[in-house]
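Inside the fold
What follows is the residue order along each chain.
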Amino acid sequence: MSERVTQISFEQFCTLTDLSGELVIEIVNLGIVEPPGQRPQEWLFDSEMLCLVRRAERLHRQLEINWPGVALAMDLLDQLERSREENRVLRSQLQRLVELD
């Protein structure tokens with residue numbers, strides 16, 4: 001069974017996130033989310049982007065980080081998660097090799 005992805009417009013996204021259009025444009029320009037399309041009127045957002053922006057907004061509000069800092073923090077957190085997953089896979093492979101001996 002395939003997962004259904006709902007896409008929402010720029011206006012709907014602003015309403016759901018309770019963020020101004022200008023701020024959403026800044027968030028997109030910083031690369032926190034990358035909706036397809038050239039202009040805000042063409043952008044379509046999905047549920048993953050909604051979660052990312054809500055997470056970014058929490059970082060901004062709770063830690064009082066400016067938006068470029070939020071973009072950097074989100075990138076570093078993503079890199080950390082990828083490194084942890086890679087580490088988990090490598091440990092699993094190593095464990096299998098040790099068990100073969």
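Before reading on, note that the structure itself is shown above.
Given the structure is predicted, the values throughout are model-derived calculations rather than measurements.

Quick look at the packing of helix α3 (residues 47–63) against helix α4 (residues 67–100)
Running from N to C, α3 and α4 cross one another at 120°; their axes reach a closest spacing of 10 Å. If you check the angle between α3 and α4, you find them oblique. Seen from above, α3 lies across α4 with right-handed handedness. Residue-level contacts link L52, R55, A56, E57, L59 and H60 of α3 to W67, V70, A73, M74 and L77 of α4. For the contact of α3 with α4, the class distribution of residues is eight nonpolar, one polar and two charged.

A look at the layout of surface pockets
Its boundaries defined by the atoms lining it, the largest pocket holds a volume of some 270 Å³. L52, R55, M74, D75 and D78 are, among the 13 residues lining the largest pocket, the residues nearest its centre. For the lining of the largest pocket, the secondary structure elements donating two or more residues are α3 and α4. Ranked by residues supplied to the lining of the largest pocket, first place goes to α4 with eight residues.

Section: the state of the cysteines
In a disulfide, the sulfur atoms of two cysteines are covalently bonded to one another. Within the structure shown, the criterion is met by zero disulfides. Looking at the unpaired C14, the closest cysteine sulfur is the one in C51, lying at 17 Å.

So, unusual backbone geometry
The backbone of D18 sits at a positive phi, close to 60°, despite the residue not being glycine. Within the secondary structure, D18 sits in the loop between α1 (10–17) and α2 (21–29). Its relative accessible area of 70% is what places D18 among the exposed residues. Positive phi is not limited to glycine here, since E64 has a value of about 55°.

The rules behind each value
- Residues numbered from 1 in each chain as written.
- Predicted model: local features only at pLDDT ≥ 70, side-chain atom pairs only at ≥ 80, totals over all residues.
- Heavy atoms only, no water.
- Axes fitted to C-alpha atoms, helices over the stretch in contact; angles between N-to-C directions.
- Helix = DSSP H or I, 4+ residues; strand = E, 2+ residues; numbered from the N terminus.
- Parallel < 35°, antiparallel > 145°, perpendicular 65-115°, else oblique.
- Left-handed = near helix turned anticlockwise from the far one by under 90°.
- Contact = heavy atoms within 4.5 Å.
- Nonpolar A, V, L, I, M, F, W, Y, C, P; charged D, E, K, R; others polar.
- 1 Å grid on protein atoms, 1.4 Å probe; cavity = no way out; pocket = protein on both sides within 12 Å on 5 of 7 lines; lining within 4 Å.
- Points joined across faces, edges and corners; volume = space filled by probe spheres on them.
- Disulfide = S-S within 2.5 Å.
- Buried < 20%, exposed > 50% of the residue type's maximum accessible area, 1.4 Å probe, protein only.

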